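# Fold and geometry: a report
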Amino acid sequence: MKVKIVRVSAALQSRQVSVSLWKTSQRDFIRSLSTAQQSLWTTDMAAANYLPTEDQFQCSICLDVFTDPVTIPCGHNFCKTCITEHWDTTDQYLCPMCKEAFKTRPDFRINTLLSEMVAQFRQSAQQKASSSSSEQQVSKPGEVPCDVCTGTKLKALKSCLVCLVSYCETHLEPHLTMSGLKRHQLIDPVENLEGRMCTEHDKPLELFCKTDQTCVCMLCTVLDHKTHDVVPLKEGYEGKKAELGKTEAEIQQMIQKRRLKVQQIKQSVELSEEAADREIAEGVQVFTSLKESVERGLNELINTIKEKQKTREKQAEAFITELEQEISELMKRSTEVEQLSRSEDHLHLLQRVQFLNTNHPPPTKDSTDVSVRPSSYEGTVVKAVAQLEDTLSEEMKKLVESELKRVQQYAVDVTLDPDTANPGLILSDDGKQVRPSKVKKNLPDNPERFSACTCVLGKQSFSSGRFYFEVQVKGKTEWTLGVARESINRKGIVTASPEDGNWTIMLRKENEYTAGANPLVLLFLKSPPQKVGVFVDYEEGLVSFYDVDAAALIYSFTGCSFTDKLLPFLSPRFEGSKNSAPLIITPVRVN
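The model shown is predicted, which means the values in this text are computed figures rather than measured ones.

Let's shift gears to the overall build of the protein chain. The secondary structure content of the protein chain amounts to nine helices and 24 strands. Within the protein chain, counting contacts between residues at least 6 apart in sequence, those at least 24 apart form 59% of the total. Surface summary for the protein chain: the accessible area is close to 36,600 Å², and the carbon and sulfur share equals 53%.

What follows is the structure in structure tokens.
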């Protein structure tokens, strides 16, 4: 009943059916009713095998089969609820069909004949529906059901934008056969048909306002959207569909880019995993070797100390044996002397004393010179540690050599940019060398050029990945080299520090090597480097410097955060009698 009331209200308020449609329906209904009544009076309907169509028993208000049909004084028939609701919402009592006015609200008369005909029609329709329901699909979750079906809801075949009702195949038939209903706009079944009506004017949304990018009804075009660019829905649909096609293509491109990026990241992770496994294996090998070296050095140290101790023990045992033997002999002589001294026989004593002195003389060795000094172990541990240090140095050199070979694989061809060179510098024609000049050149002060610092940048910039280059510093007493960010200050004093946008190492007078950190880090090198390698891992935030010839790590900046492009940075410093040699970017040769 609630559904029917909604339909009645929608039909009356929207005025979707024109007056001509009402009149046509009225004539068709009267003609059909007259024919049906005549057939009922002359012959039995079942015997004649006659079944009227649904439109012959439709209420002209709700457009549905009569429910409790009643007749008003003008002779027209309506559902009792429909005509009651209609007159409850109006001030005048007019017939919805012929517009005849009544002074007072008329009493309803139950149309018994029509009620019987409707009951027979409903029974026949239900039998037909039940027989055809097996052929038609029952509405499933997610599908639009028929709004007319009672009981089991069949799947809707079409939705009517005029009636705002969805119909299955059976209930759609009137829209395909009745002349008035044929003019209704049918679409593929959709839910929420009310959402296709203009909320302000209760008219179908048939147009698209390109100005406001919204769907409007015919009445909107003469009111709120009068001066706007309004096109039919189809045209707006095609335009939006074309835009969606472009958007879809762009989205697919974005998807492909991201899939490619995902693939790259996965490959990077795999490469990182391989590198990690390789480093672990190498680290295990190195530390195992170092552990063995330490254990071997410890064993050698212990054995050395033990051997010294054994030597001292053997020496002491020899001395003790010798002294104990002398003690034994002396004790024996002492006993003989004591016995002889108690003799009263003068001749015997004199003869015996001579015999003892001749055949058993006392030991003449001075035992005060016999001693065993404690072993001295000073320097033993130091020597062992020094040997271990040599072993560690050798292993360290092997590691750096291996590391250097790996980073050299990221070698790039660097050329110096003359547009950035300070006027006090001289660049070679091939852009591979830079030397200080005694006289400043007259060059245009373009924004890229260093004006106060004797520096020059490379032409190549890097914003990702890894890169490596080598610079010969042989013969120079001062220099600075490394990398700098593209936005480094070029018109003032450049301080060597990451805060000022550069990561460098430098040589100052008297072989003072420093790293441009904040504060400066003093570097202690075994020997002056002749060629310096510079390696950068952008994502890792790493800048490392190597003594190429000695295969030694000079210094590393770690944990850097790069957000700008990086460029090679070179400064041969100022002209001097001992500093005129150039800085030379040399080809990288992997040993």
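Our focus in this paragraph is unusual backbone geometry. That bond from Asn-518 to Pro-519 is cis: its omega, 5°, falls within 30 degrees of zero. By secondary structure assignment, the location of Pro-519 is in the loop between strand E18 (512-515) and strand E19 (521-523). The phi angle at Lys-99 is positive, at roughly 65°, despite the residue not being glycine. Looking at the secondary structure, you find Lys-99 in the loop between strand E3 (93-94) and strand E4 (101-102). With a phi close to 55°, Gln-213 is a non-glycine residue in the positive phi region. Within the secondary structure layout, Gln-213 lies in the loop between strand E9 (207-209) and strand E10 (214-216).

What follows deals with the environment of Glu-143. Turning to its location among the elements, Glu-143 is positioned in the loop between helix H4 (112-133) and strand E6 (158-160). Given a relative accessible area of 23%, Glu-143 falls into the partly exposed group. With 46 residues separating them in the primary sequence, Glu-143 and Pro-189 have C-alpha atoms 8.6 Å apart. Ignoring any residue separated from it by four or fewer positions in sequence, one finds Glu-143 in contact with Val-138, Lys-155 and Glu-191.

Strands sit in the order E2-E1-E5 across an open sheet of three strands; the sheet is antiparallel. Among the strands making up the open sheet, the edge pair consists of strand E2 (77-79) and strand E5 (109-110). Sheet topology places strand E1 (residues 69-71) next to E5; two bridges connect them, and they run antiparallel. Paired with Val-70 across the strands is Ile-110, a residue of E5.

This model, assessed by the stated rule, comprises 12 salt bridges. With a shortest N-O distance of 3.9 Å, Glu-143 and Lys-155 are connected by a salt bridge. Separated by 12 residues along the polypeptide, Glu-143 in the loop between H4 and E6 and Lys-155 in the loop between H4 and E6 bring together distant segments of the chain. Overall, Lys-155 belongs to the partly exposed group, its relative accessible area being 33%. Close ionic contact of Asp-188 with Lys-158 constitutes a salt bridge, the shortest N to O distance being 3.2 Å. With Asp-188 in the loop between strand E8 (186-187) and E9 and Lys-158 in strand E6, this pair connects stretches of sequence that are 30 residues apart. For Asp-188, a relative accessible area of 52% puts it in the exposed group.

Attention now goes to the state of the cysteines. Under the counting rule described, the total for this entry stands at one disulfide. Here Cys-453 engages in a disulfide with Cys-455; their sulfurs sit 2.2 Å apart. Cys-455 carries the same exposure label as Cys-453, and that label is buried. Distance from the sulfur of Cys-62, which forms no disulfide, to the nearest cysteine sulfur (Cys-82) is 3.6 Å. With no disulfide of its own, Cys-209 has Cys-220 as its nearest cysteine by sulfur position, at a separation of 9.1 Å.

Let's shift gears to the layout of surface pockets. Roughly 780 Å³ of internal volume is contained in the second largest pocket. Sorting the residues of the lining of the second largest pocket by element identifies helix H7 (233-341), helix H9 (380-408), strand E20 (531-537), strand E21 (542-547) and strand E22 (552-557) as the ones contributing at least two each. At nine residues, the largest contribution of residues to the lining of the second largest pocket is made by H7. Residue composition of the lining of the second largest pocket, grouped by class: eight nonpolar, seven polar and eight charged.

Let us now look at the nonpolar core. Counting 37 residues, the largest nonpolar core has Trp-479, Leu-481, Ile-505, Phe-545, Phe-557 and Leu-570 as its most contacted members. Residues within four places of Leu-570 in sequence aside, it is in contact with Leu-416, Val-434, Thr-454, Cys-455, Val-456, Val-471, Thr-480, Leu-481, Leu-583 and Ile-585. By size, the runner-up hydrophobic cluster in this structure holds 20 residues, among which are Cys-59, Cys-62, Phe-66 and Met-117.

Reading the values: the criteria
Residues numbered from 1 in each chain as written. Predicted model: local features only at pLDDT ≥ 70, side-chain atom pairs only at ≥ 80, totals over all residues. Heavy atoms only, no water. Helix = DSSP H or I, 4+ residues; strand = E, 2+ residues; numbered from the N terminus. Contact = heavy atoms within 4.5 Å. Areas by Shrake-Rupley, 256 points an atom, 1.4 Å probe, with all protein chains shown as cover. Buried < 20%, exposed > 50% of the residue type's maximum accessible area, 1.4 Å probe, protein only. Pairing = 2+ DSSP bridges. Salt bridge = Lys/Arg side-chain N within 4 Å of Asp/Glu carboxyl O. Disulfide = S-S within 2.5 Å. 1 Å grid on protein atoms, 1.4 Å probe; cavity = no way out; pocket = protein on both sides within 12 Å on 5 of 7 lines; lining within 4 Å. Points joined across faces, edges and corners; volume = space filled by probe spheres on them. Nonpolar A, V, L, I, M, F, W, Y, C, P; charged D, E, K, R; others polar. Core = buried A, V, L, I, M, F, W, Y, C linked by side-chain atoms within 4.5 Å.

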